[in-house]
Amino acid sequence: MKILKLKTRFAPSPTGFLHLGNIRTALFNALLAKRNDGCFLLRIEDTDFDRSRPEYIAALLEDLRWLGLNWVEGIGVGGSHQPYLQSERESVYARYYRVLEAMQLVYTCFCTAEELVLSRRAQLAAGRPPRYTGTCARMSSAERQERLNSGLQPTLRFCVPIGQIIEFKDLVRGLQRFCSDDIGDFVIRRADGTPQFLFANAVDDNLMEVTHVLRGEDHLANTPRQLLLLEALGLSAPNYGHLPLIVGTNGEPLSKRLGDLSVRKLRAVGYFSEALLNYLARLGHSYGSDLWMDWNELAAGFSQERLGHAPAHYDEIQLLHWQAEAIRHASIERLWCWMGPKVWELVPTKLAEEFVITVRSNIRFPVDALFWAERLFSTKMIRSAESQDAINTAGHEFFGEALAAYNQNGANYQTLICELQRRTGAKGKNLFMPLRAAFTGETHGPELARILTILHHTETVRCRLLSCI
Ligand code: GLU
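No experiment lies behind these values; they were computed from the predicted model shown.

Engineer: When you look at the sheet that holds strand β8 (residues 186-189) in this model, what are you seeing that I'm missing?
Structural biologist: The pairing of strands in a sheet comes from backbone hydrogen bonds and takes either a parallel or an antiparallel form. Reading across the sheet, the three strands line up as β4-β5-β8 and stay open at both edges, with antiparallel pairing between neighbours. Strands with a single pairing partner mark the edges of an open sheet, and in this sheet they are β4 (106-109) and β8. Taken over all neighbouring pairs, the strand axes of this sheet differ in orientation by 45° on average, direction set aside. The pairing of β4 with strand β5 (residues 155-158) spans four bridges and is antiparallel. Paired with C109 across the strands is T155, a residue of β5.

Listed below in structure tokens is the structure:
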């Protein structure tokens, strides 16, 4: 028997931009593969022609690359199971329809969407779980032929066996048990000839030798259907694990906010990919450590035993914490690039490094860096109301003394502070707050000593103090 290497996959449908939920699924599959020295595959499930769009494929490839979730087999990188776009695999699926047809395990179905809706409604009204009632299974072959001749385009339904118990061990949720009688005969090929997700996805996982599938809990009900299909085709099934959905802090599913949480948007506001990864790797999985981890550490500590099945709560504060950690771990050069052109325009290149060091623990996004660049380098002084109050309370004399102390001591912060304290008798907050307000126009912010150094270099200390006199 051929021993298969562990292989996971991410199989998105390109019907929208990737959001936090999708990338958590991609991440867990990538980590599981990496942890086990296995292979991470990317397959595009674009069989729904109406909703799939090429620009979403391009976007998802770019997003995954940006996140560093590098797949070693699949679209764009190749492999021995090409093609990896399901829209190009019609002939593969046709082969398997024929196998099922030969075993009389499928039949054509002419029920219209309206008829199916009415049937569902009637079953629900009668308190029964809705499932296909088998109308077309009972059709005579003459009638079937007549409908085909009249040009009607049927779907293809799989005959679900009666009275079969379907069991599988979910990697996350443990033993799962379903009864085939609760599952109606289901469509595996649409009327337009395209395969249903259930079918193409199960066949491809087998043909592409995928051994482990971590996917959202919303797919749990699909699993018994896919297991029945694979069994009928004589194909082995992967190990499935269903991850809890991500919910907001109020317990509601995140779906409504997913637009805001698309990778594109998070990237555009300036999230670091490592911040997203450190955050998501802990959403439904525990490491037993709150420390920052790089990709290798995230993979080394990943274990399917540590996957939880309680709902995973999205918490922006946590995400911001990991963003701050990412900033703490980033190099000065990287932060400078990340700050962007508006900051580069304001900050003189010779002070770039000093600026980054000064503001790095006070910022989360480039827009915050721009805020401080404007406060420190803009010729037009901007002051918050609180800082104006602090300046007024300190009074003109205070700043006159500050100017004299600066003229005497230059940019030596400690000496300047001692001298100012000696001259004014002010201490603590009464000493630092007005000085900070005069220098930055704010009452909180980066270390004052560093700010003094920067303003000294740009020769703006005097004019800022003078403007308060
Ligand atoms: N194309 C499916 C989706 O995006 C894949 C489901 C699965 O992972 O099996 O939901």
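Engineer: Can you help me understand the layout of surface pockets in this one?
Structural biologist: If a probe as big as a water molecule is rolled over the atoms, it shows which places are left empty. Space inside the second largest pocket adds up to approximately 560 Å³. Elements supplying a minimum of two residues to the lining of the second largest pocket: α4 (113-125), β5, β8 and α6 (197-207). Top contributing element to the lining of the second largest pocket by residue count: α4, with six residues. Tallied by class, residues from the lining of the second largest pocket come to ten nonpolar, eight polar and seven charged.

Engineer: What's the story with the site of the ligand in this structure? I'm lost.
Structural biologist: Taken together, R9, A11, P12, S13, E45, F197, N201, R215 and H219 make up the full set of residues adjacent to the ligand. R215 is positioned such that a nitrogen or oxygen atom in its side chain is 2.8 Å from an oxygen atom of the ligand. Expressed as a share of its isolated accessible area of 300 Å², the protein-covered part of the ligand is 80%. Here the residues of the shell around the ligand sort into three nonpolar, three polar and three charged.

Engineer: Please explain the pattern of salt bridges as it appears in this structure.
Structural biologist: Where charged atoms from two side chains of opposite charge approach closely, those side chains can pair. Counting across every chain of the model gives 20 salt bridges. Of the charged contacts, one joins K7 and E73 as a salt bridge, the two residues approaching to 2.7 Å between their closest N and O atoms. Of this pair, K7 sits in strand β1 (residues 7-10) while E73 sits in strand β3 (residues 73-74); the two residues are 66 residues apart in sequence, bridging distant segments of the chain. By relative accessible area, which is 7% here, K7 ends up buried. When its relative accessible area of 7% is taken as the criterion, E73 is described as buried.

Engineer: Looking at this structure, how should I read the side chain of T8?
Structural biologist: With respect to the helices and strands, the residue T8 is situated in strand β1. Note on T8: relative accessible area 0%, which makes it buried. Beyond its immediate chain neighbours, meaning those up to four positions away, T8 contacts N29, A30, L32, A33, C39, F40, L41 and H212.

Engineer: What is the right way to read unusual backbone geometry from this model?
Structural biologist: Keep in mind that most residues, glycine aside, have a negative phi and that most peptide bonds are trans. Across the junction of Q82 and P83, the peptide omega takes the value -5°, indicating a cis bond. Inspection of the secondary structure assignment puts P83 in the loop between β3 and α3 (90-102). The backbone of D37 sits at a positive phi, close to 60°, despite the residue not being glycine.

Thresholds, definitions, all that
- Residues numbered from 1 in each chain as written.
- Predicted model: local features only at pLDDT ≥ 70, side-chain atom pairs only at ≥ 80, totals over all residues.
- Heavy atoms only, no water.
- Pairing = 2+ DSSP bridges.
- Helix = DSSP H or I, 4+ residues; strand = E, 2+ residues; numbered from the N terminus.
- Axes fitted to C-alpha atoms, helices over the stretch in contact; angles between N-to-C directions.
- 1 Å grid on protein atoms, 1.4 Å probe; cavity = no way out; pocket = protein on both sides within 12 Å on 5 of 7 lines; lining within 4 Å.
- Points joined across faces, edges and corners; volume = space filled by probe spheres on them.
- Nonpolar A, V, L, I, M, F, W, Y, C, P; charged D, E, K, R; others polar.
- Near = heavy atom within 4 Å.
- Polar contact = N/O pair within 3.5 Å; in protein donor to acceptor, adjacent residues only side chain to side chain.
- Areas by Shrake-Rupley, 256 points an atom, 1.4 Å probe, with all protein chains shown as cover.
- Salt bridge = Lys/Arg side-chain N within 4 Å of Asp/Glu carboxyl O.
- Buried < 20%, exposed > 50% of the residue type's maximum accessible area, 1.4 Å probe, protein only.
- Contact = heavy atoms within 4.5 Å.

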